[in-house]
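Structural characterization, general
Chain by chain, the residues:
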Amino acid sequence: MNNQIFDDKKQLFEDLLTNIGANKYFTEISVLVEISDGKTYRFSKSGTSIKDNMFATSGAVLRLQTPDGPYEYSFNNFSKDFLNSIPAILADETGFSDNTGSLKRSEDRITFCKSTDFEIDPDKLDDAKITKKLEQAHKKAREYDALVTDCTCVYQYLGIHKMFLSCDKNMEQHILWSVGTATPFVTKDDVTRYYYSPCSALGGAEILDNLTDNIETSCKNAIELLDSVPPVPGTYDVICTPDVTGLIAHEAFGHGVEEDMFVKDRALAKKYMNTQIASPLVTMHDNAATINQAATYFFDDEGTLSHDTIIIKDGILVSGINDAQSAAALGFEPTGNGRRESFERKVYTRMTNTYFESGSSTLDEMIASIEYGFLLDNGMNGMEDPKNWGIQCMVNIGREIKDGKFTGKIVSPVCLSGYVPDLLKSISMVSDTLKLSGSGYCGKGYKEWVKVSDGGPAIKARVKIS
């Protein structure tokens, strides 16, 4: 991964800030420059596909404060001639032009260039080596049992290079994340089921070696689903595995505390700050700063340093997350959650790595405590209603528990639903393990996609399922 990618461009953008700053009407001038690249590899019995990662991009966005308010200008031409033409373009488009000002950079300007670690740079592997790894995982799944009809194996990575320049900041970050997934499909008597098994991290192609670790377990789970039945709707004691816990954290309360929704009065959480809204066992974070997962970064797309924000502390709602604009509107400090899908898109408040803290119970203790209920595993997707605190999460597997033991009965698919505070207050046990997954993405209103991760420990709760 090229961590010197901005070396021949930085001075051009520093000069651009100086030239724009000559217009006395433009204040709080900043520029975000991004050059990100990566690929997505897919192997299945239908063949191999290789394409650019959906977030591969190259461009920049200027953010200015004008007498009429904030103004943004995005572009993807980094030539010296074009950059020199931008001050005149801005003056023409905004109607403000007075070249009697000057740009003064802070003497204690924050300056750094930081990178994440990796073992194998996927850019230095040829496509054949990567697809060979996927083919090996596919073969291992197909050889597990004749019922396994296919296994879709995917590897994707993105090298993110961002530079943020302003009067008080000169920052670069170089981040590499990788995700691998193996999804075996099984068929019997015209019934087809699957099991989704991801692995993810800040890192490179070394993650490919983990792709086959859970293949046999994934195939076994998929085969067990062939004999599953729909659950009887009702309210049950359940144990959620970490991936389902993460789905709850993301959908139940992550979206509900995005404070740009506070500004628009579209989030019920606004009325419950500093209120007990969960079990005292619950502490929840949104943490882009210290977690080794795919949504980690050193600064957000507004130049705010990343944070570990505690949202719920011992069951009490203590903080939301925000971008700089919503923070200013609410009189709060920015939490470093201002993120763009790309340089061409607007900043929104977005989650990063969202999770519940671990507790002190073992999974065996939690299972033994269930008189009748289910262990819910393999979360699929979810929907939230921040305005009314409703939640709906789809889960692939529910394993029946009776008198503290598995009966062998499996229900699927399972829809977990309810009122968010009721669900969170019902949490009575939290496991001593912690696991996050960064295989998914998050959309803002079914668009504006960004990379996220979520997870936590296993939790015991009482929820409605159908």
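Right, let's walk through the structure included here. (Residues numbered from 1 in each chain as written. Predicted model: local features only at pLDDT ≥ 70, side-chain atom pairs only at ≥ 80, totals over all residues. Heavy atoms only, no water.)

**A look at the overall build of the protein**
A tally of regular secondary structure across the protein gives 9 helices and 27 strands. In summary, the protein has a C-alpha radius of gyration of 24 Å against a globular reference of 23 Å for 466 residues, a match within 12%. Here the C-alpha coordinates of the protein stretch approximately 80 × 55 × 35 Å along the principal axes. Going through the 466 residues of the protein one by one, you find that 55% of them count as buried. In the protein, 74% of the contacts between residues at least 6 apart in sequence involve partners at least 24 apart. Taken as a whole, the protein presents about 20000 Å² of accessible surface, with 48% of it coming from carbon and sulfur. (Helix = DSSP H or I, 4+ residues; strand = E, 2+ residues; numbered from the N terminus. Rg over C-alpha atoms; globule rule 2.2 N^0.38 Å. Buried < 20%, exposed > 50% of the residue type's maximum accessible area, 1.4 Å probe, protein only. Contact = heavy atoms within 4.5 Å. Areas by Shrake-Rupley, 256 points an atom, 1.4 Å probe, with all protein chains shown as cover.)

**Quick notes on the packing of aromatic side chains**
In this description, an aromatic ring pair is defined by two values, namely the gap between the centres and the angle between the planes. Under the defined criterion, the tally for this structure stands at 15 aromatic pairs. Taking 5.5 Å as the distance between ring centres and 80° as the angle between the ring planes, the aromatic pair formed by phenylalanine 13 and phenylalanine 78 counts as edge-to-face. Here phenylalanine 13, found in helix α1 (residues 10–21), pairs with phenylalanine 78, found in the loop between β5 (69–75) and α2 (80–94); they are 65 residues apart in sequence, far enough to count as distant. With respect to burial, phenylalanine 13 and phenylalanine 78 carry one shared label: buried. Taking 5.2 Å as the distance between ring centres and 40° as the angle between the ring planes, the aromatic pair formed by tyrosine 25 and phenylalanine 96 counts as tilted. Linking tyrosine 25 in the loop between α1 and β1 (27–36) with phenylalanine 96 in the loop between α2 and β6 (110–115), this pair joins segments that are 71 residues apart in sequence. Here a set of aromatic residues connected by ring pairs shows up, and it is made of Phe13, Tyr73, Phe75, Phe78 and Phe82. Geometry around phenylalanine 112 places lysine 114 over its ring, the cationic atom sitting 4.6 Å from the centre. When the ring centre of tyrosine 441 is taken as reference, the NZ or CZ atom of lysine 451 above it lies at 4.1 Å. (Phe/Tyr/Trp six-rings, centres within 6.5 Å; stacked < 30°, edge-to-face > 60°. Lys NZ or Arg CZ within 6 Å of the ring centre and 35° of its normal.)

**Notes on the side chain of threonine 349**
Relative to the elements of secondary structure, threonine 349 occurs in strand β16 (residues 348–349). At 2.5 Å, the side chain of threonine 349 forms a polar contact with the side chain of aspartate 323. Excluding residues that lie within four positions of it along the chain, threonine 349 makes contacts with Glu258, Glu259, Asp260, Ile321, Asn322, Asp323, Ser326, Asn337 and Lys444. (Polar contact = N/O pair within 3.5 Å; in protein donor to acceptor, adjacent residues only side chain to side chain.)

**Here's the deal with the layout of surface pockets**
Here the second largest pocket is characterised by a volume of approximately 650 Å³. Lining the second largest pocket are 23 residues, with Glu28, Ser30, Arg63, Glu302 and Ala324 sitting closest to its centre. Put simply, the parts of the chain that give the lining of the second largest pocket at least two residues each are β1, β4 (57–66), β5, β7 (148–166) and α7 (324–330). Looking at the lining of the second largest pocket, its residues break down into 10 nonpolar, 5 polar and 8 charged. (1 Å grid on protein atoms, 1.4 Å probe; cavity = no way out; pocket = protein on both sides within 12 Å on 5 of 7 lines; lining within 4 Å. Points joined across faces, edges and corners; volume = space filled by probe spheres on them. Nonpolar A, V, L, I, M, F, W, Y, C, P; charged D, E, K, R; others polar.)

**Some remarks on helix α5 (residues 242–254)**
With 13 residues, α5 should cover 18 Å at 1.5 Å per step; its first-to-last C-alpha distance of 16 Å lies more than 12% under that length. Within α5, 12 of the 13 residues are buried, which leaves it mostly tucked inside the rest of the structure. Within α5, the full set of buried residues consists of Pro242, Val244, Thr245, Gly246, Leu247, Ile248, Ala249, His250, Glu251, Ala252, Phe253 and Gly254. (Expected span 1.5 Å × (residues − 1).)

**Describing empty space enclosed by the protein**
Counting across every chain of the model gives 3 cavities of 30 Å³ or more. For the largest cavity, the calculated volume is near 280 Å³. What lines the largest cavity is a set of 21 residues, and nearest its centre among them are Ile160, Lys162, Arg339, Arg340 and Lys451. Looking at the lining of the largest cavity, the elements that each hand over two or more residues are β7, β8 (169–188), β15 (338–339) and β25 (450–451). Considered class by class, the residues forming the lining of the largest cavity number 10 nonpolar, 3 polar and 8 charged. As a volume, the second largest cavity reaches approximately 40 Å³. Take the lining of the second largest cavity: its biggest share by element is 3 residues, from β1.

**Structural notes on the pattern of salt bridges**
Overall, the coordinates contain 21 salt bridges when judged by the stated rule. When the shortest N-O distance is used, the salt bridge between lysine 188 and aspartate 227 registers 3.3 Å. Here the residue lysine 188 occupies a position in strand β8, and aspartate 227 occupies one in the loop between α4 (215–225) and β11 (234–240), the gap between them amounting to 39 residues. Under the relative-accessibility criterion, lysine 188 is labelled partly exposed at 32%. (Salt bridge = Lys/Arg side-chain N within 4 Å of Asp/Glu carboxyl O.)

**Topic: the sheet that holds strand β17 (residues 353–356)**
Judged by pairing direction, the sheet is mixed, and its 6 strands sit side by side in the order β14-β13-β12-β17-β26-β23 without closing on themselves. Of all the strands in the sheet, the pair left with one neighbour each is β14 (316–317) and β23 (435–437). Looking at chain direction, β17 and strand β26 (residues 453–456) are connected through 3 bridges and run parallel. In the strand pairing of β26, asparagine 353 is matched with serine 453. Against the sheet, α5 touches β12 (284–287), β13 (308–313), β14, β17, β23 and β26, its axis set at about 115° to β26. (Pairing = 2+ DSSP bridges. Axes fitted to C-alpha atoms, helices over the stretch in contact; angles between N-to-C directions.)

**Remarks on the side chain of lysine 460**
With respect to the helices and strands, lysine 460 occurs in strand β27 (residues 459–465). Here lysine 460 is buried and forms no salt bridge, its nearest opposite-charge partner aspartate 237 lying at an N-O distance of 5.1 Å. A distance of 3.0 Å separates the side chain of lysine 460 from the side chain of serine 369, its partner in a polar contact. With near-sequence residues (within four places) excluded, lysine 460 lies in contact with Val238, Ile239, Met366, Ser369, Ile370, Ser426, Ile427, Ser428 and Met429. (Lys, Arg positive; Asp, Glu negative; His and termini not counted.)

**Observations regarding unusual backbone geometry**
Here the residue pair serine 412 and proline 413 is connected by a cis peptide bond, since its omega of -10° sits within 30 degrees of zero. At asparagine 378, a residue that is not glycine, the phi angle is positive and equals roughly 65°. Within the secondary structure, asparagine 378 is located in strand β18 (residues 372–385).

**Here's the deal with the state of the cysteines**
As enumerated under the stated definition, the model contains 0 disulfides in all. Unpaired in this structure, cysteine 442 has its nearest cysteine sulfur neighbour in cysteine 393, at a distance of 13 Å. (Disulfide = S-S within 2.5 Å.)

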